[in-house]
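# Analysis of the macromolecular model
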Amino acid sequence: QVQLVESGGGSVQPGGSLRLSCAASGRTFSRSAMGWFRQAPGKEREFVVSINWSGGNTIYADSVKGRFTVSRDNPKNMVYLQMNSLKPEDTAVYYCAAGWDLSVSSRGNAYSYWGQGTQVTVSS
């Protein structure tokens, strides 16, 4: 069993920054691909970013390119999402997800385990 716990969400003004963290346990984290997804009220879940097991390969949604940066620390079983220049449209619940036997993927069904999510609110 894998457990993923997100943290770092909160409220911030437009143009501000937040750093989300995802702590993983229960399986060989260093061999997993990790993804961040988000879901705004009344909208479908959407892909944000994916990072492969080594951190050497990443893909980003066009909406966050140049503003968000994903990283991972395998010895600590952690994944991070640095979010800069936040916009009101970034408001959502952010979820981290873990998958094995894949490199990077924007498809939610490629991931086997999901966290409970952390709320990010961008508002003036």
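For the structure itself, consult the block above.
Read on for a plain summary of the structure. (Residues numbered from 1 in each chain as written. Predicted model: local features only at pLDDT ≥ 70, side-chain atom pairs only at ≥ 80, totals over all residues. Heavy atoms only, no water.)

### Quick notes on the overall build of the protein
Selection rule: Strands are runs of DSSP state E lasting at least 2 residues, helices are runs of H or I lasting at least 4, and numbering of each runs from the N terminus. Both definitions apply: the radius of gyration is a C-alpha atom measure, and the globule rule equals 2.2 Å times residues to the power 0.38. Residue exposure (1.4 Å probe, protein chains only): buried if accessible area is under 20% of the type maximum, exposed if over 50%, otherwise partly exposed. In what follows, residue pairs with any heavy atoms lying within 4.5 Å of each other are defined as contacts. Each accessible area value is a Shrake-Rupley result obtained with a 1.4 Å probe; residue values ignore everything except the protein chains displayed when judging cover. Only four residue types enter the charge count, namely Lys and Arg as positive and Asp and Glu as negative; His and the chain termini do not. For charged residues, the charge sits on one atom: NZ in Lys, CZ in Arg, CG in Asp, CD in Glu.
Looking only at helices and strands, the protein has 0 helices and 11 strands in total. Traced from its N-terminal end to its C-terminal end, the protein shows the element sequence β-β-β-β-β-β-β-β-β-β-β. Scaling as 2.2 N^0.38, a compact globule of 124 residues should have a C-alpha radius of gyration of about 14 Å, and the protein matches this with 13 Å. Once the C-alpha set of the protein is aligned to its principal axes, its extents read approximately 40 × 25 × 25 Å. In the protein, buried positions account for 45% of the 124 residues. Summarising the internal contacts of the protein: among those between residues at least 6 apart in sequence, 59% fall at separations of at least 24. Entry remark: accessible area of the protein is about 6,300 Å², with carbon and sulfur atoms responsible for 43%. Across the protein, the centroid of the 12 positively charged side chains sits 5 Å from that of the 8 negatively charged ones.

### Side note on the nonpolar core
The following threshold applies: Buried Ala, Val, Leu, Ile, Met, Phe, Trp, Tyr and Cys residues form a nonpolar core when they are joined through side-chain atoms within 4.5 Å.
Formed by 34 residues in total, the largest nonpolar core has its most connected members in Trp36, Leu81, Met83 and Tyr94. Within the residue set of this core, elements represented by two or more residues are β3 (18-25), β4 (33-39), β5 (46-51), β7 (68-73), β8 (78-83), β9 (92-99) and β11 (118-122). Element by element, the count of residues in this core is highest for β9, at 5 residues. Leave out the neighbours within four places in its chain, and Tyr94 touches Glu6, Leu20, Trp36, Phe37, Arg38, Val48, Phe68, Leu81, Met83, Gly117, Thr118 and Val120.

### Thoughts on the sheet that holds β7
Here is the rule we go by: At least two bridges found by DSSP between two strands are what make those strands a pair. Axes here refer to lines fitted to C-alpha atoms; in helices the fit is confined to the stretch in contact. Angles between the N-to-C directions go from 0 to 180 degrees.
Read across the open sheet, the 4 strands follow the order β1-β3-β8-β7; overall the sheet is antiparallel. At either end of the open sheet lies a strand with only one pairing partner, and these are β1 (3-7) and β7. Direction aside, the axes of adjacent strands within the sheet are offset by 15° on average. As paired elements, β7 and β8 share 6 bridges and run antiparallel to each other. From the neighbouring strand, Phe68 faces β8, where its bridge partner is Met83.

### Some points on the state of the cysteines
Operational definition: Criterion for a disulfide: a pair of cysteine sulfur atoms at a distance within 2.5 Å.
In the structure shown here, the tally under the stated rule is 1 disulfide. Between Cys22 and Cys96 runs a disulfide, and the two sulfur atoms are separated by 2.0 Å. The chirality of the disulfide connecting Cys22 with Cys96 is right-handed, given an S-S dihedral of about 50°. With Cys22 in strand β3 and Cys96 in strand β9, this pair connects stretches of sequence that are 74 residues apart.

### Topic: the environment of Gly26
Secondary-structure assignment places Gly26 in the loop between β3 and β4. Judged by relative accessible area, Gly26 falls into the exposed class, the value being 59%. As for Gly26 and Gly42, which are separated by 16 residues in sequence, their C-alpha atoms are 32 Å apart.

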